[in-house]
Amino acid sequence: MIKTNDIKLIAFDADDTLWDCQSHFEQVQRSYEHILSPYATAEEVDKALFETETANMPLLGYGCKAFTLSLVENAVRVSKEQIAASDLLRITQLGKLLLQIPATPLPGVDACLRTIRQADRYSMVVFTKGELLDQEHKLMRSGLRNRFDDVVIVSDKSPEAYQQLCRRFGVGMDQLLMVGNSFKSDIEPVLLLGGYAVHIPFHVQWQHEVTAEYAHPHLARIQHFGELAEVLGI
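Residues numbered from 1 in each chain as written. Predicted model: local features only at pLDDT ≥ 70, side-chain atom pairs only at ≥ 80, totals over all residues. Heavy atoms only, no water.

This part takes up helix α8 (residues 183-192). By the criterion of burial, α8 is predominantly enclosed, with 7 of the 10 residues buried. When α8 is considered as a whole, its buried residues turn out to be Phe 183, Ser 185, Asp 186, Ile 187, Pro 189, Val 190 and Leu 191. In the segment just after α8, Gly 194 is the residue with positive phi, at about 95°. (Buried < 20%, exposed > 50% of the residue type's maximum accessible area, 1.4 Å probe, protein only. Helix = DSSP H or I, 4+ residues; strand = E, 2+ residues; numbered from the N terminus.)

Quick look at the structure:
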């Protein structure tokens, strides 16, 4: 059970929690499969891309730009260096589309954030991983920036990153509530550190975020962002 009286800081994931992101990546990947169809099946392209992304993550991290570099590298490999420069340009343009997604708040997000803000009980922060400029731009396009006290963008949501977040706000881990769609990145690290979490699954999931899920005394699961206010007793 979430002890709302203990919570002082609520951290919110961004992509696929506040707005739709992964659906746009899925659309790009379908177009990418079509470009590479002369060289491999969609399943072969996707498998190779997953392996390329995984290998690149320690160096490139997360985000649209890292994804685009992996798209290009993978296309060269899958085509055995036969792909035309014009197709590489098309792939690069697909990646650039991801830098312009609308970041429209998901249903219930804005109203719920306003309700929590008006309750004046908690500090509120966006805590997300990815590329700095891209994440900042999406937040500004969303129109949600003024709902939060701060925005923290990290290269990865490691246990150390969560501990640094708490130190930044002068709270203990047992006073943190993390809200997000990814059990792997948003939920499990916080639970293991003694914090609280609210899991809001999204209808599509990035393959790199797939992990086993489980119940926990400090965890609440909801289906819709608007249910968060009820969890908090607001």
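So, on to the pairing of strand β2 (residues 123-129). In terms of burial, β2 is largely enclosed, as 6 of its 7 residues are buried. Pairing of strand β1 (residues 9-12) with β2 involves 4 bridges; the strand directions are parallel. Within the sheet, the bridge partner assigned to Ile 10 lies in β2 and is Met 124. Bridge count for β2 against strand β3 (residues 150-154) is 5 bridges, and the pairing is parallel. By the bridge assignment, Lys 129 is partnered in β3 with Val 154. Viewed along the sheet, the connection from β2 through helix α6 (residues 132-142) into β3 turns out right-handed. (Pairing = 2+ DSSP bridges. Right-handed = clockwise from strand over helix to strand, strands pointing away.)

So, on to the pattern of salt bridges. Counted by the stated rule, this structure contains 17 salt bridges. The partner of Arg 30 in a salt bridge is Glu 26, with the nearest N and O atoms 3.3 Å apart. Of this pair, Arg 30 and Glu 26 both sit in helix α1 (residues 22-35), 4 residues apart, roughly one helical turn. Since its relative accessible area comes to 37%, Arg 30 is described here as partly exposed. On the basis of relative accessible area, Glu 26 is assigned to the partly exposed category, the value being 27%. Between Lys 157 and Asp 186 there is a salt bridge; the shortest N-O distance is 2.5 Å. (Salt bridge = Lys/Arg side-chain N within 4 Å of Asp/Glu carboxyl O.)

Time to look at the environment of Ser 70. Within the secondary structure layout, Ser 70 lies in helix α3 (residues 64-78). Here the alpha-carbon distance between Ser 70 and Thr 52, two residues 18 residues apart in the chain, equals 6.1 Å. Discounting residues that sit within four places of it in the chain, Ser 70 has contacts with Tyr 32, Leu 49, Thr 52, Glu 53 and Asn 56. (Contact = heavy atoms within 4.5 Å.)

When a protein is soluble and globular, its nonpolar side chains tend to lie buried together. Core analysis: the biggest nonpolar cluster contains 51 residues, and Phe 12, Leu 18, Phe 225 and Leu 228 have the highest contact counts within it. Here this core takes 5 residues from α3, the largest share from any one element. Residues Val 125, Phe 127, Cys 166 and Leu 176 belong to the second largest nonpolar core, which totals 15 residues. (Core = buried A, V, L, I, M, F, W, Y, C linked by side-chain atoms within 4.5 Å.)

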